[in-house]
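# Secondary and tertiary structure notes
If you want the building blocks of each chain, they are given just below.
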Amino acid sequence: TALPSALFSQSRSNLNELLIPELYVGDEGEESDGAMYRLRVAAGQRSFLPQLTTSTYGINGDYLGPTLLLKQGTNVAINVTNELDETTTLHWHGLHVPAAADGGPHQSIEPNQSWQADFEVKQAAGTFWYHSHMLGKTGEQVYRGLAGMIIIEDERSPQLGIPHRYGFDDIPLVIQDRRFNASGNFSYIRNHMDVMMGVQGDTMLVNGTYNPVFSPKTKKVRFRLLNGANARTFVLKFDDNREFELVSCDGSLLNTAVKQREVILSPSERADIVADFSDGNPVNLISEPLPADSPFAMRGMMGNMMGRRGPQSLQILALEPESLLENSEQVSASLGEIVRIQEDEADRVRQLRLSMTMGMRMGRRRRGGMGGGNFFINDETMQMDVINQRIPVGSTEIWEIENTSMMMHPFHIHHNQFQILSRNGRAPEAHEMGFKDTVKVGPDEVVRFIMRFENFSDSENPYMYHCHILEHEDDGMMGQFVVE
Ligand code: C2O
Ligand code: CU
Ligand code: CU
(Lines give C-alpha, C1' and ligand atoms only; values in the text may rest on other atoms or scores of the structure.)
(Ligands and ions follow the chains in the order given, each with its own letter.)
Protein backbone atom coordinates (compact mmCIF):
# COMPACT_ATOMS: atom_id res chain seq x y z
CA THR A 1 0.00 0.00 0.00
CA ALA A 2 1.11 3.54 -0.68
CA LEU A 3 1.68 6.12 1.99
CA PRO A 4 -1.25 8.44 2.58
CA SER A 5 -0.47 11.08 0.00
CA ALA A 6 2.72 12.60 1.28
CA LEU A 7 1.97 15.53 -0.96
CA PHE A 8 -0.48 17.07 1.44
CA SER A 9 1.76 16.74 4.42
CA GLN A 10 4.43 18.78 2.68
CA SER A 11 3.90 22.21 4.11
CA ARG A 12 5.54 24.87 6.20
CA SER A 13 5.85 22.57 9.17
CA ASN A 14 8.65 20.07 9.66
CA LEU A 15 10.84 21.79 7.11
CA ASN A 16 14.28 20.40 6.39
CA GLU A 17 17.18 22.58 5.41
CA LEU A 18 17.84 22.24 1.70
CA LEU A 19 20.83 19.98 1.07
CA ILE A 20 23.39 21.45 -1.30
CA PRO A 21 25.41 18.87 -3.24
CA GLU A 22 29.14 19.22 -2.69
CA LEU A 23 30.87 21.29 -5.39
CA TYR A 24 33.53 19.12 -6.97
CA VAL A 25 36.19 21.20 -8.73
CA GLY A 26 38.29 18.12 -9.47
CA ASP A 27 41.56 16.81 -8.12
CA GLU A 28 44.90 17.76 -9.63
CA GLY A 29 45.21 15.29 -12.46
CA GLU A 30 48.36 13.25 -12.90
CA GLU A 31 47.12 11.30 -15.88
CA SER A 32 45.53 14.33 -17.50
CA ASP A 33 46.68 17.89 -17.95
CA GLY A 34 43.50 19.20 -16.40
CA ALA A 35 41.28 18.35 -13.49
CA MET A 36 40.53 14.74 -12.57
CA TYR A 37 37.15 13.79 -11.17
CA ARG A 38 36.68 10.46 -9.40
CA LEU A 39 33.13 9.22 -9.21
CA ARG A 40 32.14 6.10 -7.31
CA VAL A 41 28.70 4.70 -8.05
CA ALA A 42 27.35 2.59 -5.21
CA ALA A 43 24.23 1.49 -3.37
CA GLY A 44 23.35 3.21 -0.13
CA GLN A 45 20.58 4.19 2.23
CA ARG A 46 19.02 7.51 3.03
CA SER A 47 16.33 8.61 5.40
CA PHE A 48 14.24 11.02 3.33
CA LEU A 49 11.01 10.67 5.25
CA PRO A 50 10.67 10.77 9.03
CA GLN A 51 11.26 7.35 10.58
CA LEU A 52 11.77 5.57 7.27
CA THR A 53 14.88 4.41 5.46
CA THR A 54 15.10 4.11 1.70
CA SER A 55 17.49 1.94 -0.32
CA THR A 56 19.22 4.19 -2.79
CA TYR A 57 21.96 4.55 -5.36
CA GLY A 58 24.38 7.43 -5.25
CA ILE A 59 27.59 8.86 -6.63
CA ASN A 60 30.26 9.57 -3.97
CA GLY A 61 27.40 9.48 -1.49
CA ASP A 62 24.11 7.79 -0.80
CA TYR A 63 21.79 9.69 -3.16
CA LEU A 64 22.56 11.79 -6.26
CA GLY A 65 26.13 12.99 -6.76
CA PRO A 66 28.37 16.02 -6.35
CA THR A 67 28.00 19.05 -8.62
CA LEU A 68 30.87 18.93 -11.10
CA LEU A 69 32.37 22.33 -11.83
CA LEU A 70 34.08 22.31 -15.22
CA LYS A 71 36.01 25.21 -16.70
CA GLN A 72 35.74 26.10 -20.36
CA GLY A 73 38.92 25.44 -22.29
CA THR A 74 40.35 22.86 -19.88
CA ASN A 75 40.84 19.16 -20.36
CA VAL A 76 39.11 16.97 -17.86
CA ALA A 77 39.13 13.29 -16.99
CA ILE A 78 36.16 11.79 -15.23
CA ASN A 79 36.84 8.37 -13.82
CA VAL A 80 33.77 6.33 -12.90
CA THR A 81 33.96 3.20 -10.76
CA ASN A 82 30.92 0.97 -10.59
CA GLU A 83 30.46 -0.57 -7.16
CA LEU A 84 26.87 -1.61 -7.82
CA ASP A 85 26.02 -5.23 -8.43
CA GLU A 86 24.58 -4.32 -11.81
CA THR A 87 25.90 -2.69 -14.96
CA THR A 88 25.56 1.06 -15.30
CA THR A 89 26.78 4.09 -17.25
CA LEU A 90 27.13 7.82 -16.60
CA HIS A 91 26.21 10.24 -19.37
CA TRP A 92 27.10 13.96 -19.43
CA HIS A 93 23.79 15.42 -20.54
CA GLY A 94 24.16 18.43 -22.81
CA LEU A 95 27.95 18.32 -23.08
CA HIS A 96 29.63 18.49 -26.47
CA VAL A 97 32.05 15.57 -26.14
CA PRO A 98 33.38 12.72 -28.31
CA ALA A 99 30.90 9.85 -28.67
CA ALA A 100 33.26 7.44 -26.89
CA ALA A 101 33.30 9.79 -23.87
CA ASP A 102 29.55 10.43 -23.88
CA GLY A 103 28.60 7.77 -21.34
CA GLY A 104 25.67 6.46 -23.34
CA PRO A 105 24.45 2.85 -23.50
CA HIS A 106 27.58 1.72 -25.36
CA GLN A 107 29.91 2.90 -22.59
CA SER A 108 28.47 0.56 -19.99
CA ILE A 109 30.52 -0.22 -16.89
CA GLU A 110 30.35 -3.72 -15.43
CA PRO A 111 30.30 -4.19 -11.66
CA ASN A 112 33.73 -3.56 -10.11
CA GLN A 113 35.01 -1.99 -13.31
CA SER A 114 36.02 1.58 -14.08
CA TRP A 115 35.57 3.72 -17.16
CA GLN A 116 37.09 7.06 -17.92
CA ALA A 117 35.82 9.94 -20.01
CA ASP A 118 38.48 12.35 -21.26
CA PHE A 119 37.44 15.49 -23.05
CA GLU A 120 38.02 19.18 -23.51
CA VAL A 121 35.37 21.49 -22.11
CA LYS A 122 34.40 23.37 -25.23
CA GLN A 123 31.18 25.06 -24.20
CA ALA A 124 30.48 28.41 -22.63
CA ALA A 125 28.89 28.77 -19.20
CA GLY A 126 25.77 26.77 -18.52
CA THR A 127 23.94 24.28 -16.33
CA PHE A 128 24.08 20.62 -17.32
CA TRP A 129 23.74 17.29 -15.59
CA TYR A 130 24.82 13.70 -15.56
CA HIS A 131 22.86 10.52 -15.08
CA SER A 132 22.73 6.80 -15.77
CA HIS A 133 22.02 5.90 -19.40
CA MET A 134 21.91 2.13 -19.02
CA LEU A 135 19.89 0.55 -21.82
CA GLY A 136 16.45 -0.42 -20.54
CA LYS A 137 17.41 0.56 -16.98
CA THR A 138 17.91 4.30 -17.18
CA GLY A 139 14.56 5.07 -15.55
CA GLU A 140 15.09 2.75 -12.62
CA GLN A 141 18.70 3.74 -11.99
CA VAL A 142 17.98 7.47 -12.13
CA TYR A 143 14.95 6.93 -9.89
CA ARG A 144 17.19 5.33 -7.29
CA GLY A 145 19.56 8.29 -7.40
CA LEU A 146 22.08 8.14 -10.23
CA ALA A 147 22.16 11.80 -11.24
CA GLY A 148 24.01 15.01 -10.44
CA MET A 149 24.50 18.53 -11.73
CA ILE A 150 27.28 19.91 -13.92
CA ILE A 151 28.19 23.59 -14.04
CA ILE A 152 30.38 24.96 -16.79
CA GLU A 153 32.07 28.23 -15.96
CA ASP A 154 33.80 30.52 -18.41
CA GLU A 155 35.72 33.77 -18.04
CA ARG A 156 32.77 36.04 -18.78
CA SER A 157 30.09 34.40 -16.71
CA PRO A 158 31.15 35.71 -13.26
CA GLN A 159 31.06 39.28 -14.60
CA LEU A 160 27.44 39.41 -15.68
CA GLY A 161 25.81 40.34 -12.40
CA ILE A 162 24.29 36.88 -12.03
CA PRO A 163 24.83 35.53 -8.52
CA HIS A 164 27.60 32.92 -8.71
CA ARG A 165 28.66 31.98 -5.19
CA TYR A 166 27.77 28.29 -5.16
CA GLY A 167 25.63 27.26 -2.21
CA PHE A 168 25.36 30.87 -1.05
CA ASP A 169 23.54 32.84 -3.73
CA ASP A 170 23.92 30.34 -6.59
CA ILE A 171 21.75 27.41 -5.64
CA PRO A 172 21.36 24.15 -7.55
CA LEU A 173 17.86 22.66 -7.41
CA VAL A 174 17.59 19.08 -8.65
CA ILE A 175 13.81 18.71 -8.65
CA GLN A 176 12.37 15.20 -8.57
CA ASP A 177 9.08 13.55 -7.73
CA ARG A 178 9.16 10.17 -6.05
CA ARG A 179 6.71 7.56 -4.87
CA PHE A 180 7.47 5.71 -1.68
CA ASN A 181 5.92 2.48 -0.44
CA ALA A 182 4.83 1.94 3.15
CA SER A 183 8.22 0.58 4.17
CA GLY A 184 9.92 3.72 2.86
CA ASN A 185 11.43 2.33 -0.32
CA PHE A 186 11.03 3.86 -3.74
CA SER A 187 8.13 2.35 -5.62
CA TYR A 188 9.17 2.25 -9.26
CA ILE A 189 7.07 0.85 -12.17
CA ARG A 190 3.99 -0.85 -10.76
CA ASN A 191 1.79 -1.24 -13.81
CA HIS A 192 1.26 -0.59 -17.49
CA MET A 193 0.08 2.94 -16.77
CA ASP A 194 3.46 3.81 -15.23
CA VAL A 195 5.16 2.83 -18.47
CA MET A 196 2.70 4.69 -20.67
CA MET A 197 2.61 7.93 -18.70
CA GLY A 198 6.03 7.62 -17.15
CA VAL A 199 6.46 7.16 -13.41
CA GLN A 200 5.10 10.12 -11.47
CA GLY A 201 5.31 10.44 -7.72
CA ASP A 202 3.39 12.34 -5.08
CA THR A 203 6.41 13.26 -2.94
CA MET A 204 8.81 15.97 -3.96
CA LEU A 205 12.53 15.83 -3.33
CA VAL A 206 14.89 18.72 -4.04
CA ASN A 207 18.57 17.76 -4.00
CA GLY A 208 17.29 14.70 -2.18
CA THR A 209 15.68 16.83 0.54
CA TYR A 210 12.10 16.19 1.56
CA ASN A 211 10.04 19.29 2.40
CA PRO A 212 13.04 21.63 1.99
CA VAL A 213 13.57 25.21 3.09
CA PHE A 214 16.27 27.64 1.99
CA SER A 215 17.05 30.96 3.67
CA PRO A 216 18.34 33.58 1.23
CA LYS A 217 21.15 35.73 2.70
CA THR A 218 21.31 38.00 -0.33
CA LYS A 219 18.70 40.16 -2.02
CA LYS A 220 19.00 38.15 -5.19
CA VAL A 221 19.48 34.43 -5.57
CA ARG A 222 20.17 32.45 -8.69
CA PHE A 223 18.46 29.07 -8.78
CA ARG A 224 19.72 26.50 -11.25
CA LEU A 225 16.49 24.65 -11.87
CA LEU A 226 16.90 21.12 -13.19
CA ASN A 227 13.92 18.92 -13.87
CA GLY A 228 15.48 15.66 -12.70
CA ALA A 229 12.15 13.82 -12.69
CA ASN A 230 11.63 10.69 -14.77
CA ALA A 231 8.39 11.85 -16.34
CA ARG A 232 6.71 14.80 -14.69
CA THR A 233 6.66 18.27 -16.23
CA PHE A 234 6.88 21.13 -13.73
CA VAL A 235 5.28 24.55 -14.13
CA LEU A 236 7.52 26.40 -11.70
CA LYS A 237 6.51 29.69 -10.11
CA PHE A 238 6.42 31.50 -6.78
CA ASP A 239 3.15 31.25 -4.87
CA ASP A 240 2.90 35.06 -4.62
CA ASN A 241 3.32 35.19 -8.38
CA ARG A 242 6.43 37.37 -8.16
CA GLU A 243 8.41 38.04 -11.29
CA PHE A 244 11.90 36.64 -11.77
CA GLU A 245 14.60 36.93 -14.41
CA LEU A 246 15.21 33.89 -16.57
CA VAL A 247 18.87 34.01 -17.61
CA SER A 248 19.49 30.64 -19.25
CA CYS A 249 17.78 27.72 -20.91
CA ASP A 250 19.43 24.29 -21.09
CA GLY A 251 22.90 24.75 -22.54
CA SER A 252 23.60 28.47 -22.54
CA LEU A 253 22.85 31.88 -21.16
CA LEU A 254 20.21 33.78 -23.07
CA ASN A 255 21.40 36.93 -24.83
CA THR A 256 19.24 38.95 -22.48
CA ALA A 257 17.34 38.02 -19.35
CA VAL A 258 13.61 37.48 -19.77
CA LYS A 259 11.20 38.59 -17.05
CA GLN A 260 8.69 35.86 -16.31
CA ARG A 261 6.39 34.59 -13.61
CA GLU A 262 6.62 30.91 -14.49
CA VAL A 263 8.84 28.51 -16.35
CA ILE A 264 7.75 25.14 -17.72
CA LEU A 265 10.40 22.44 -17.51
CA SER A 266 9.94 18.96 -18.94
CA PRO A 267 12.23 16.15 -17.78
CA SER A 268 15.92 17.06 -18.24
CA GLU A 269 15.31 20.72 -19.12
CA ARG A 270 17.17 23.38 -17.12
CA ALA A 271 16.64 27.07 -16.51
CA ASP A 272 18.63 29.45 -14.34
CA ILE A 273 16.49 32.10 -12.74
CA VAL A 274 17.38 35.09 -10.59
CA ALA A 275 14.77 35.82 -7.93
CA ASP A 276 14.56 38.93 -5.77
CA PHE A 277 13.97 38.60 -2.02
CA SER A 278 14.57 42.23 -1.03
CA ASP A 279 11.05 42.52 0.37
CA GLY A 280 12.06 39.98 3.00
CA ASN A 281 8.80 38.07 2.67
CA PRO A 282 8.69 34.30 2.92
CA VAL A 283 7.49 32.66 -0.28
CA ASN A 284 7.23 29.19 -1.78
CA LEU A 285 8.50 27.85 -5.06
CA ILE A 286 5.71 25.63 -6.30
CA SER A 287 4.75 23.67 -9.39
CA GLU A 288 1.30 23.94 -10.85
CA PRO A 289 -0.38 21.44 -13.15
CA LEU A 290 -0.32 22.21 -16.86
CA PRO A 291 -3.56 23.96 -17.78
CA ALA A 292 -5.81 21.77 -19.94
CA ASP A 293 -5.37 24.15 -22.88
CA SER A 294 -1.55 24.04 -22.74
CA PRO A 295 0.01 22.74 -25.96
CA PHE A 296 1.87 20.26 -23.74
CA ALA A 297 -1.16 18.88 -21.90
CA MET A 298 -2.35 15.34 -22.44
CA ARG A 299 -5.06 14.87 -25.06
CA GLY A 300 -8.05 12.58 -25.43
CA MET A 301 -9.10 9.92 -22.99
CA MET A 302 -5.83 10.07 -21.08
CA GLY A 303 -6.17 13.81 -20.77
CA ASN A 304 -9.62 13.46 -19.29
CA MET A 305 -8.40 10.85 -16.86
CA MET A 306 -5.55 13.05 -15.75
CA GLY A 307 -7.89 16.02 -15.50
CA ARG A 308 -10.24 14.16 -13.20
CA ARG A 309 -7.45 13.63 -10.71
CA GLY A 310 -7.93 17.32 -10.06
CA PRO A 311 -5.48 20.16 -10.20
CA GLN A 312 -2.74 19.76 -7.64
CA SER A 313 -0.05 22.25 -6.81
CA LEU A 314 3.18 20.76 -5.61
CA GLN A 315 5.26 22.42 -2.94
CA ILE A 316 8.86 22.54 -4.17
CA LEU A 317 10.86 24.78 -1.85
CA ALA A 318 10.06 27.10 1.05
CA LEU A 319 12.06 30.33 1.06
CA GLU A 320 12.57 32.22 4.29
CA PRO A 321 14.82 35.24 3.74
CA GLU A 322 17.06 36.25 6.63
CA SER A 323 16.28 39.60 8.22
CA LEU A 324 19.40 41.33 6.90
CA LEU A 325 20.05 40.71 3.24
CA GLU A 326 23.34 41.42 1.51
CA ASN A 327 23.07 43.61 -1.59
CA SER A 328 23.24 41.95 -4.97
CA GLU A 329 24.34 43.23 -8.34
CA GLN A 330 22.06 44.04 -11.24
CA VAL A 331 21.92 41.38 -13.92
CA SER A 332 23.70 42.79 -16.99
CA ALA A 333 21.62 43.81 -19.95
CA SER A 334 23.58 41.55 -22.24
CA LEU A 335 24.43 38.00 -21.18
CA GLY A 336 25.00 35.32 -23.82
CA GLU A 337 26.68 35.76 -27.19
CA ILE A 338 24.40 33.55 -29.24
CA VAL A 339 24.40 34.07 -32.97
CA ARG A 340 21.27 32.66 -34.59
CA ILE A 341 21.95 29.96 -37.16
CA GLN A 342 20.11 30.76 -40.38
CA GLU A 343 17.83 28.20 -42.04
CA ASP A 344 19.64 28.52 -45.34
CA GLU A 345 22.84 27.30 -43.67
CA ALA A 346 21.29 23.82 -43.38
CA ASP A 347 22.72 21.03 -45.53
CA ARG A 348 19.64 18.87 -45.07
CA VAL A 349 16.39 18.34 -43.24
CA ARG A 350 15.65 15.16 -41.29
CA GLN A 351 12.18 14.18 -40.18
CA LEU A 352 11.49 12.20 -37.04
CA ARG A 353 8.03 11.09 -36.02
CA LEU A 354 7.28 10.21 -32.41
CA SER A 355 4.47 7.75 -31.82
CA MET A 356 3.15 5.38 -29.19
CA THR A 357 0.67 2.55 -28.98
CA MET A 358 -1.69 2.24 -26.07
CA GLY A 359 -1.55 -1.56 -26.18
CA MET A 360 -0.83 -3.84 -23.25
CA ARG A 361 2.62 -4.95 -24.16
CA MET A 362 4.15 -4.87 -20.72
CA GLY A 363 4.53 -8.63 -20.58
CA ARG A 364 6.59 -8.70 -23.73
CA ARG A 365 10.22 -9.21 -22.80
CA ARG A 366 13.03 -7.47 -24.55
CA ARG A 367 14.72 -9.76 -27.00
CA GLY A 368 18.40 -9.91 -26.11
CA GLY A 369 18.49 -6.37 -24.87
CA MET A 370 16.80 -5.02 -27.96
CA GLY A 371 13.77 -2.80 -28.09
CA GLY A 372 10.24 -4.09 -28.19
CA GLY A 373 8.08 -1.54 -26.48
CA ASN A 374 5.20 0.76 -27.07
CA PHE A 375 7.18 3.79 -28.17
CA PHE A 376 8.60 4.56 -31.59
CA ILE A 377 10.65 7.04 -33.56
CA ASN A 378 9.88 6.69 -37.27
CA ASP A 379 8.10 3.43 -36.39
CA GLU A 380 11.27 1.91 -35.00
CA THR A 381 12.31 1.11 -31.46
CA MET A 382 15.85 1.38 -30.15
CA GLN A 383 18.18 -1.40 -31.27
CA MET A 384 21.75 -1.40 -29.98
CA ASP A 385 23.13 -2.67 -33.30
CA VAL A 386 21.24 -0.29 -35.61
CA ILE A 387 22.56 3.15 -36.52
CA ASN A 388 19.48 5.13 -37.49
CA GLN A 389 21.16 8.25 -38.90
CA ARG A 390 24.61 8.97 -40.33
CA ILE A 391 25.60 12.62 -40.30
CA PRO A 392 28.62 14.13 -42.06
CA VAL A 393 30.85 15.90 -39.57
CA GLY A 394 30.77 19.66 -40.03
CA SER A 395 27.28 19.72 -41.48
CA THR A 396 24.36 21.83 -40.32
CA GLU A 397 20.96 20.17 -40.23
CA ILE A 398 17.36 21.00 -39.54
CA TRP A 399 15.48 18.31 -37.64
CA GLU A 400 11.70 18.28 -37.75
CA ILE A 401 10.20 16.42 -34.84
CA GLU A 402 6.56 15.51 -35.26
CA ASN A 403 4.52 14.13 -32.40
CA THR A 404 1.56 12.02 -33.50
CA SER A 405 0.74 10.75 -30.00
CA MET A 406 -1.63 12.03 -27.33
CA MET A 407 1.06 13.24 -24.97
CA MET A 408 4.05 15.56 -24.95
CA HIS A 409 7.50 14.05 -25.38
CA PRO A 410 10.64 15.97 -24.35
CA PHE A 411 12.96 15.25 -27.29
CA HIS A 412 16.66 15.24 -26.44
CA ILE A 413 19.69 14.88 -28.65
CA HIS A 414 23.28 14.19 -27.66
CA HIS A 415 26.45 15.63 -29.25
CA ASN A 416 25.57 19.31 -29.40
CA GLN A 417 23.09 22.02 -28.55
CA PHE A 418 20.52 23.21 -31.07
CA GLN A 419 18.44 26.32 -31.73
CA ILE A 420 14.67 26.04 -32.03
CA LEU A 421 13.36 27.45 -35.30
CA SER A 422 9.64 26.98 -34.91
CA ARG A 423 6.72 25.26 -33.21
CA ASN A 424 3.90 24.50 -35.63
CA GLY A 425 5.28 27.29 -37.78
CA ARG A 426 5.44 29.87 -35.00
CA ALA A 427 8.76 31.37 -33.92
CA PRO A 428 9.95 30.29 -30.46
CA GLU A 429 9.33 32.56 -27.50
CA ALA A 430 12.15 34.56 -25.91
CA HIS A 431 12.82 31.99 -23.19
CA GLU A 432 13.54 29.33 -25.83
CA MET A 433 16.00 31.45 -27.83
CA GLY A 434 19.16 30.01 -26.29
CA PHE A 435 21.01 26.81 -27.05
CA LYS A 436 18.83 23.87 -26.09
CA ASP A 437 19.36 20.12 -25.88
CA THR A 438 15.83 19.11 -24.97
CA VAL A 439 12.62 20.45 -26.45
CA LYS A 440 9.03 19.81 -25.50
CA VAL A 441 7.07 18.47 -28.46
CA GLY A 442 3.37 18.61 -27.64
CA PRO A 443 0.67 16.38 -29.13
CA ASP A 444 0.13 17.28 -32.81
CA GLU A 445 3.10 19.62 -32.72
CA VAL A 446 5.93 19.81 -35.21
CA VAL A 447 9.05 21.38 -33.74
CA ARG A 448 11.91 22.34 -36.04
CA PHE A 449 15.41 22.97 -34.77
CA ILE A 450 18.78 23.63 -36.36
CA MET A 451 22.09 22.22 -35.20
CA ARG A 452 25.73 22.07 -36.19
CA PHE A 453 27.33 18.65 -36.09
CA GLU A 454 30.84 19.90 -35.41
CA ASN A 455 33.89 17.94 -34.25
CA PHE A 456 34.45 14.36 -33.14
CA SER A 457 34.18 12.39 -36.37
CA ASP A 458 33.72 8.73 -35.38
CA SER A 459 31.81 6.23 -37.50
CA GLU A 460 31.96 3.52 -34.82
CA ASN A 461 30.58 5.12 -31.70
CA PRO A 462 27.03 6.44 -31.88
CA TYR A 463 25.25 9.20 -30.00
CA MET A 464 21.62 8.92 -28.89
CA TYR A 465 18.47 10.91 -29.46
CA HIS A 466 15.40 10.06 -27.45
CA CYS A 467 12.40 11.03 -25.42
CA HIS A 468 13.54 12.10 -21.95
CA ILE A 469 10.55 10.57 -20.23
CA LEU A 470 12.80 7.80 -19.02
CA GLU A 471 10.18 5.05 -19.16
CA HIS A 472 9.58 5.93 -22.83
CA GLU A 473 13.29 5.92 -23.54
CA ASP A 474 13.67 2.54 -21.82
CA ASP A 475 10.70 1.21 -23.76
CA GLY A 476 12.18 2.03 -27.15
CA MET A 477 11.71 5.73 -27.95
CA MET A 478 15.39 6.22 -28.74
CA GLY A 479 17.58 6.14 -31.83
CA GLN A 480 21.28 6.31 -32.65
CA PHE A 481 23.37 8.45 -34.94
CA VAL A 482 27.00 8.72 -35.85
CA VAL A 483 28.83 11.88 -36.82
CA GLU A 484 31.48 10.84 -39.34
CU1 C2O B 1 19.83 13.06 -20.34
CU2 C2O B 1 20.42 10.66 -23.48
O3 C2O B 1 20.16 11.83 -21.87
CU1 CU C 1 21.99 13.54 -23.09
CU1 CU D 1 7.96 10.25 -24.45
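What follows concerns the packing of aromatic side chains. Counted according to the given criterion, the structure contains 25 aromatic pairs. On the numbers, 5.4 Å between centres and 90° between planes, the contact of Trp399 with Tyr465 is edge-to-face. Of this pair, Trp399 sits in strand β27 (residues 395-403) while Tyr465 sits in strand β32 (residues 458-467), and the two are 66 residues apart along the sequence. Under the relative-accessibility criterion, Trp399 is labelled buried at 0%. Taking the relative accessible area as the measure of exposure, Tyr465 reaches 2% and is therefore buried. Residues Tyr465 and Phe481 carry aromatic rings whose centres are separated by 6.1 Å and whose planes lie at 25° to one another, so their mutual orientation is stacked. Taken together, the residues Tyr465 in strand β32 and Phe481 in strand β33 (residues 478-483) connect sequence positions 16 residues apart. Lying across the ring of Phe186, Arg178 places its NZ or CZ 5.8 Å from the centre.

Here we come to the coordination of the copper ion (ligand 2). Bound to the copper ion (ligand 2) on the protein side are His91 (NE2) and His412 (NE2), at distances that span 1.9 to 2.0 Å. Of this pair, His91 sits in strand β8 (residues 91-93) while His412 sits in strand β28 (residues 409-413), and the two are 321 residues apart along the sequence.

Pairing within the open sheet is mixed, and its seven strands lie in the order β14-β13-β12-β16-β21-β18-β19. In the strand order of this sheet, the two ends are held by β14 (209-210) and β19 (252-260), each with one partner. Inspection of the sheet shows strand β18 (residues 244-249) paired to β19 by five bridges, in the antiparallel sense. Bridge pairing in β19 links Glu245 to Lys259.

Before going further, it helps to examine the pairing of strand β17 (residues 234-238). Burial within β17 is extensive, with five of its five residues counted as buried. Where burial is concerned, the two faces of β17 agree: the one with Phe234, Leu236 and Phe238 and the one with Val235 and Lys237 are both buried. As paired elements, β17 and strand β20 (residues 262-265) share four bridges and run antiparallel to each other. Within β20, the position partnered with Val235 by the bridge is Ile264. Two strands pair when backbone bridges link them, and β17 and strand β22 (residues 283-288) are joined in this way by four bridges, in the antiparallel orientation. The residue bridging Lys237 from the neighbouring strand is Ile286, located in β22.

The next point concerns the side chain of Thr89. Looking at where Thr89 falls in the secondary structure, it is placed in the loop between β7 (75-82) and β8. One polar contact links the side chain of Thr89 to the main-chain amide nitrogen of His133, over a distance of 2.8 Å. Not counting residues within four places of it along the chain, the set of residues in contact with Thr89 comprises Gly103, Gly104, Pro105, Gln107, Ser108, Ile109, His131, Ser132, His133 and Met134.

Scoring rules and cut-offs
Residues numbered from 1 in each chain as written. Chains lettered and ligands numbered in written order. Predicted model: local features only at pLDDT ≥ 70, side-chain atom pairs only at ≥ 80, totals over all residues. Heavy atoms only, no water. Phe/Tyr/Trp six-rings, centres within 6.5 Å; stacked < 30°, edge-to-face > 60°. Helix = DSSP H or I, 4+ residues; strand = E, 2+ residues; numbered from the N terminus. Buried < 20%, exposed > 50% of the residue type's maximum accessible area, 1.4 Å probe, protein only. Lys NZ or Arg CZ within 6 Å of the ring centre and 35° of its normal. Donors = N, O, S within 2.8 Å, 3.2 Å for Na, K, Ca; no water. Pairing = 2+ DSSP bridges. Polar contact = N/O pair within 3.5 Å; in protein donor to acceptor, adjacent residues only side chain to side chain. Contact = heavy atoms within 4.5 Å.

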